[in-house]
Amino acid sequence: MKFSIIYEAQMADTSPESEVRCFNEIVEQVMLAEQVGFDNVWCVEHTALTQYAHMSAPETMLAFLAGKTSRIGIGHGVVCLPPAMNHPVKVAERIATLDILSGGRVHFGMGKGGTQQEAGTFGYDLAELQPMIDESMYLIPRIMTQDEIEHDGKYIKIPRRPIHPKPLQTPHPPLYYACTREATLELAGKRGIGALVLGFSGPEEIARKNAVYRENFRNRKAEDQVGVVPTEHLAAFCAACVLDDREEARRIGLRGQRFFAEAIAHWYQGGPKPSTDDLSAAEQEAALNQGKEAVVAYLSEEKITIGDEHTSNYSVAEDAYGNADDCIRYVTRLQEAGADEVLFLFQMGTVPHASILETIRNIGTKVIPHFRAQAQQAAVAAE
């Protein structure tokens, strides 16, 4: 199993000084993550979502991180493919250039973005984007692998042209799709690409989503394949705060999760701005679990309810907030549910930089070695 970090560049304080601090802290965190054994770093792409995500130019951030590191994988989680936002020719050029300069470390995820706030910034109706995304999704791997490209589609028209450069990985970097609903999991499986499950799904929900994805991947048709080679891979979101002080980790982690949920609810539903109340762990958990004040958020079209246990697909009792042993127990459940990769989310708006660094160290020195030893033992047993 792979261990990765995903970044939104989320922040409570949205001043220019805070943005500068946040981006520089991400660089420090990723450099430490490489040192202690993390496999990949992923960056989202969002536009015009104040507080929730200031990661609007992941291609720049990832290029900088690639130059600062030598081993860790460099992942777009994901590039938004509406043509006015990211034209497929420019996407292919940027991904190939980054792959060359990173020494073949790029992972290329695709998606459409999740809000009308973002879609409208570029003149689109969110509900009308999917056919455009589909057209770009099939086109970009062709641009990466063909000497010349010519395309006369409904949304994209390209006269015959040679497009350079080509990626270092042959035939192209591994391909992924942002999956939040069952329909997108089915799509990723049918098209033979990896699934990035970007939502607060607990282990039971991950197991159900994994079954949907694997069945569709297993029964896919050759003519539906996106790209030249298939990628069978399911990566699961996992919010985490792992400190030596278990109660402090729960206080910080639950506070961060509450900020995350309320920030996304603000942009996806028009709710109030997120709270930054510095409550105890028990008080934060109570706020998240209070049924009459349930926080409902949407990641794309998937409803995520944090509160009422009868309607929720996520419970705050199921998390990786605590010490290393707590994290191992939760990640074990994700592994048993079928996850090939854990997308750790540390950088929620109110979580301090020092706590993120300690979390990275603890996972790198205690959690990752536990699973690496398990894998080694399994390999020896299989010989």
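How each quantity is defined
- Residues numbered from 1 in each chain as written.
- Predicted model: local features only at pLDDT ≥ 70, side-chain atom pairs only at ≥ 80, totals over all residues.
- Heavy atoms only, no water.
- Helix = DSSP H or I, 4+ residues; strand = E, 2+ residues; numbered from the N terminus.
- Buried < 20%, exposed > 50% of the residue type's maximum accessible area, 1.4 Å probe, protein only.
- Contact = heavy atoms within 4.5 Å.
- Areas by Shrake-Rupley, 256 points an atom, 1.4 Å probe, with all protein chains shown as cover.
- Axes fitted to C-alpha atoms, helices over the stretch in contact; angles between N-to-C directions.
- Parallel < 35°, antiparallel > 145°, perpendicular 65-115°, else oblique.
- Left-handed = near helix turned anticlockwise from the far one by under 90°.
- Nonpolar A, V, L, I, M, F, W, Y, C, P; charged D, E, K, R; others polar.
- Pairing = 2+ DSSP bridges.
- Patch = residues over 30% accessible without salt bridge, like charges linked within 9 Å, V, L, I, M, F, W, Y side chains within 5 Å.
- Salt bridge = Lys/Arg side-chain N within 4 Å of Asp/Glu carboxyl O.
- pLDDT = per-residue confidence, 0-100.
- Core = buried A, V, L, I, M, F, W, Y, C linked by side-chain atoms within 4.5 Å.

### Considerations on the overall build of the protein
No. 1: When helices and strands are tallied, the protein shows 11 helices and 13 strands.
No. 2: The proportion of buried residues among the 383 residues of the protein is 58%.
No. 3: Contacts in the protein between residues at least 24 apart in sequence constitute 73% of all its contacts with a sequence separation of at least 6.
No. 4: In the form shown here, the protein has an accessible surface area of approximately 15300 Å², with 50% of it arising from carbon and sulfur atoms.

### Here's the deal with the environment of G199
No. 1: Mapped onto the elements of the fold, G199 is located in the loop between strand 8 (194-197) and helix 7 (203-218).
No. 2: Taking the C-alpha atoms as reference points, G199 and A239, 40 residues apart in sequence, are found 9.6 Å from one another.

### Overview of the packing of helix 3 (residues 88-101) against helix 5 (residues 130-145)
No. 1: Packing of helix 3 against helix 5 brings their axes to within 9 Å, and their N-to-C directions diverge by 50 degrees. Judged on the interaxial angle alone, helix 5 and helix 3 are oblique. Helix 5 is crossed by helix 3, and the crossing has right-handed handedness. Taken together, the residues of helix 5 that come into contact with helix 3 (itself represented by P88, V89, V91, A92 and I95) are S136, L139, I140, I143 and M144.
No. 2: When grouped by side-chain class, the residues that make up the contact of helix 3 with helix 5 number nine nonpolar, one polar and no charged.

### Description of the pairing of strand 6 (residues 157-161)
No. 1: Direction of pairing for strand 5 (residues 149-152) relative to strand 6: antiparallel, over a ladder of three bridges. Within strand 6, the position partnered with H151 by the bridge is I158.
No. 2: A loop of four residues connects strand 5 with strand 6, the two strands running antiparallel in sequence.

### Points about a nonpolar patch on the surface
No. 1: A cluster of nonpolar side chains, contributed by I100, L101 and L168, occupies part of the molecular surface with about 310 Å² of accessible area.
No. 2: By secondary structure assignment, the location of L168 is in the loop between strand 6 and strand 7 (175-179).
No. 3: Overall, L168 belongs to the partly exposed group, its relative accessible area being 46%.

### Considering the pattern of salt bridges
Should the charged atoms of two oppositely charged side chains come close, the side chains can pair.
No. 1: Scanning the model with the defined rule gives 19 salt bridges in all.
No. 2: D152 is the partner of K157 in a salt bridge, and the nearest nitrogen-oxygen pair spans 2.7 Å. Accessibility classification places K157 together with D152 in one group, the exposed group.
No. 3: Between E248 and R251 there is a salt bridge, with its nearest N and O atoms 2.8 Å apart. In this pair, E248 and R251 both sit in helix 8 (residues 246-269), three residues apart, roughly one turn of the helix.
No. 4: We classify E248 as partly exposed; its relative accessible area is 29%.
No. 5: One salt-bridge network, held together by shared partners, links R246, E247, D326 and R329.

### Looking at the confidence of the model for the protein
No. 1: Across the protein, pLDDT averages 90, with 89% of residues at or above 70.
No. 2: Overall, residues 291-301 carries pLDDT values under 50, and its contacts beyond four positions in sequence, including any with other chains, amount to 42 contacts.
No. 3: A low-confidence stretch, residues 304-317 (pLDDT under 50), is modelled with 42 contacts involving residues beyond four sequence positions or located in other chains.

### Structural notes on the nonpolar core
No. 1: Grouped together as the largest cluster of nonpolar side chains are 114 residues, with contacts concentrated most on F38 and F344.
No. 2: In this view, F38 contacts F3, S4, I5, A33, R71, I72, F344, F346, I360, I363, G364 and I368; residues no more than four positions away in its chain are not counted.

### Here we look at helix 6 (residues 182-190)
No. 1: Three or more residues of helix 6 are buried, namely T184, L185, L187, A188 and G189.
No. 2: Residues of helix 6 that are buried sit in contact with helix 5, strand 7, strand 8, helix 7 and strand 9 (234-242).
No. 3: Note on helix 6: the residue one or two positions beyond its end, G192, has a positive phi of about 70 degrees.

### With respect to unusual backbone geometry
No. 1: Omega for the bond connecting G77 with V78 falls within 30 degrees of zero, at 20 degrees, which places this linkage in the cis form.
No. 2: Looking at where V78 falls in the secondary structure, it is placed in strand 3 (residues 73-80).
No. 3: The omega angle of the peptide bond from H164 to P165 is -5 degrees, so this bond is cis rather than trans.
No. 4: Looking at where P165 falls in the secondary structure, it is placed in the loop between strand 6 and strand 7.

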